[in-house]
Amino acid sequence: MAPEVIRQSMYDAQADVWSLGITIMELATGRPPLSEYHPMRAMFLIPKATPPRLDVKKHDPGMVRFLDRCLVMRSKERAKAHQLRTCLLYTSDAADERS
């Protein structure tokens, strides 16, 4: 859940961009951020904690940059959905290897 939604300050497409970032992070790591905490404690921490970040040594740099644009604490500074469409999610040749 996006920080602004937890704070009950607003809900718009920017909250969905945050959720997209969290979902991608969970797919990449196998667990959601703050999963070591009870769910209610995690919700309390989200608006106060530093946004989660993937380790660039373990994950594709393109994915790390994409998530860094999604997981910006202030919704007004977070990338818009149309801006993310032009981001490369992967920079490696992994897509070529699947062909």
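**Student:** With reference to specific residues and values, describe the overall build of the chain.
**Tutor:** If you tally the helices and strands in the chain, you get six helices and zero strands. The order of helices and strands in the chain, counted from the N terminus, is α-α-α-α-α-α. Per-residue burial for the chain yields a buried fraction of 32% across its 99 residues. Partitioning the intrachain contacts of the chain with sequence separation of at least 6 by distance along the chain shows that 63% fall at a separation of at least 24. For the chain, the computed accessible surface area is about 6800 Å², with 56% contributed by carbon and sulfur atoms.

**Student:** Tell me about unusual backbone geometry, residues and numbers included.
**Tutor:** The backbone of Gln 8 shows a phi angle near 60°, a positive value even though the residue is not glycine. A relative accessible area of 72% places Gln 8 in the exposed class. One non-glycine residue, Leu 34, adopts positive backbone phi at about 65°. Mapped onto the secondary structure, Leu 34 falls in the loop between α2 (13-29) and α3 (39-45).

**Student:** Quick rundown of the nonpolar core? Include the residues and the values.
**Tutor:** Counting 18 residues, the largest nonpolar core has Trp 18, Leu 54, Phe 66, Leu 67, Cys 70, Leu 71 and Leu 84 as the members making the most contacts within it. The element best represented in this core is α2, accounting for six residues. Setting aside chain neighbours within four positions, we find Leu 54 in contact with Met 25, Ala 28, Thr 29, His 59, Met 63, Val 64 and Leu 67.

**Student:** Requested: an account of the layout of surface pockets, with residues and values cited.
**Tutor:** The volume enclosed by the largest pocket comes to roughly 280 Å³. Lining the largest pocket are 17 residues, and of these Ile 22, Pro 33, Leu 34, Ala 42 and Ile 46 sit closest to its centre. Broken down by secondary-structure element, the contributors of at least two residues to the lining of the largest pocket are α2 and α3. By residue number, the principal contributor to the lining of the largest pocket is α3, which donates three residues.

**Student:** Summarise the environment of Ala 28; cite the residues concerned and give the values.
**Tutor:** Relative to the elements of secondary structure, Ala 28 occurs in helix α2. Other than its neighbours up to four places away in sequence, Ala 28 contacts Leu 54, His 59 and Met 63.

**Student:** Any details on the pattern of salt bridges? Residues and values, ideally.
**Tutor:** In total, this model carries four salt bridges according to the counting rule given. Of the charged contacts in the structure, one is a salt bridge between Arg 31 and Glu 36, with a shortest N-O distance of 3.7 Å.

The rules behind these values
Residues numbered from 1 in each chain as written. Predicted model: local features only at pLDDT ≥ 70, side-chain atom pairs only at ≥ 80, totals over all residues. Heavy atoms only, no water. Helix = DSSP H or I, 4+ residues; strand = E, 2+ residues; numbered from the N terminus. Buried < 20%, exposed > 50% of the residue type's maximum accessible area, 1.4 Å probe, protein only. Contact = heavy atoms within 4.5 Å. Areas by Shrake-Rupley, 256 points an atom, 1.4 Å probe, with all protein chains shown as cover. Core = buried A, V, L, I, M, F, W, Y, C linked by side-chain atoms within 4.5 Å. 1 Å grid on protein atoms, 1.4 Å probe; cavity = no way out; pocket = protein on both sides within 12 Å on 5 of 7 lines; lining within 4 Å. Points joined across faces, edges and corners; volume = space filled by probe spheres on them. Salt bridge = Lys/Arg side-chain N within 4 Å of Asp/Glu carboxyl O.

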